[in-house]
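Single-letter residue listing:
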Amino acid sequence: MRKATKPKVIPKRHHIYVIELPEAVGTDSKFLKQNPDYVGGQTCFYVGMTGLTPEKRFEQHQTKHKKSARLCKKYGVVKLRPEWYEQMNPMTYDDAVSMEVRHAEFLRQQGFGVYQN
């Protein structure tokens, strides 16, 4: 008789994060393509996912690390906004990939301008 195998445990070590962007990003064509209904003056965010902590990834965006999003490099970043993501973390890689897109759309529905890769 075969031994019963335990189900594979998938580690939850990925995070989504939200960074507030400067208002100037609202004039960028790539930003506007993702936000066709954007009204100037609305708060702008970048939503990303990472295998690092959100704080470490934010530091990379601040220093314009080579893997930073283009708009973060071009316009800079204002601050990390944990109130928009911390209750969801950590999660599996697959969940983070999906949640990044869904959370960006959720924030757009709340009236914010949101960029996400």
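So, here's what we can say about the structure. Remember, predicted model here, so these are calculated numbers, not experimental data.

1. Comments concerning the pattern of salt bridges
Scanning all chains against the criterion turns up five salt bridges. With its nearest N and O atoms 3.5 Å apart, the salt bridge here joins arginine 108 to glutamate 105. Pair noted here: arginine 108 and glutamate 105 are both in helix H4 (residues 93–109), with a separation of three residues, about one helical turn. Of the residues examined, glutamate 105 reaches a relative accessible area of 37% and is grouped as partly exposed.

2. Focus: the sheet that holds strand E3 (residues 79–80)
Within the open sheet, the four strands sit side by side as E3-E1-E2-E4. Their pairing is mixed. Of all the strands in the sheet, the pair left with one neighbour each is E3 and strand E4 (113–115). Here three bridges tie strand E2 (residues 44–50) to E4, and the two strands are oriented parallel to one another. What sits directly across from phenylalanine 45, in E4, is valine 114. Those strands touched by helix H2 (residues 54–62) are strand E1 (15–21), E2 and E3, and its axis lies near 40° from that of E1. The strands that H4 touches are E1, E2 and E4; relative to E2, the one it contacts most, it runs at about 170°.

3. Quick word on the packing of aromatic side chains
In total, this model carries six aromatic pairs according to the counting rule given. Members of the aromatic cluster, connected to one another through ring pairs, are Tyr17, Tyr46 and Tyr115.

4. Re the nonpolar core
Judged by nonpolar contacts, the single largest core of 25 residues is most densely connected at Ile19, Leu21, Phe31 and Tyr46. Looking at this core, the elements with two or more residues in it are E1, E2, helix H3 (70–75), H4 and E4. In terms of residues, this core owes the most to one element, E1, which gives five residues. For tyrosine 46, the residues in contact, after removing those within four places along its chain, are Tyr17, Val18, Ile19, Leu21, His61, Ala69, Cys72, Tyr115, Gln116 and Asn117.

5. A few points about unusual backbone geometry
Residue proline 90 follows asparagine 89 across a cis peptide bond; omega there is -10°. Tracing the backbone through its elements, the reader meets proline 90 in the loop between E3 and H4. The phi dihedral of lysine 64 falls on the positive side, at around 55°, and the residue is not glycine. Among the structural elements, lysine 64 can be located in the loop between H2 and H3.

6. Re the state of the cysteines
Applying the stated criterion across every chain yields a total of zero disulfides. The closest cysteine sulfur to the non-disulfide-bonded cysteine 44 is located on cysteine 72, 11 Å from its own sulfur. Residue cysteine 44 is classed as buried on the basis of its relative accessible area, which comes to 1%.

7. Considerations on H2
Count 3.6 residues to each turn of an α-helix, and residues three or four apart come out pointing the same way. If you check which residues of H2 are buried, you get Pro54, Arg57, Phe58, Gln60 and His61. Take H2 and look down its axis: the buried residues cluster within an arc of 155°, on one side only. Looking at the buried residues of H2, the elements they touch are E1, E2, H3 and E3. Trailing H2 by a residue or two, lysine 64 shows a phi angle of about 55°, which is positive.

Analysis parameters
Residues numbered from 1 in each chain as written. Predicted model: local features only at pLDDT ≥ 70, side-chain atom pairs only at ≥ 80, totals over all residues. Heavy atoms only, no water. Salt bridge = Lys/Arg side-chain N within 4 Å of Asp/Glu carboxyl O. Helix = DSSP H or I, 4+ residues; strand = E, 2+ residues; numbered from the N terminus. Buried < 20%, exposed > 50% of the residue type's maximum accessible area, 1.4 Å probe, protein only. Pairing = 2+ DSSP bridges. Contact = heavy atoms within 4.5 Å. Axes fitted to C-alpha atoms, helices over the stretch in contact; angles between N-to-C directions. Phe/Tyr/Trp six-rings, centres within 6.5 Å; stacked < 30°, edge-to-face > 60°. Core = buried A, V, L, I, M, F, W, Y, C linked by side-chain atoms within 4.5 Å. Disulfide = S-S within 2.5 Å. Arc of directions from axis to C-beta.

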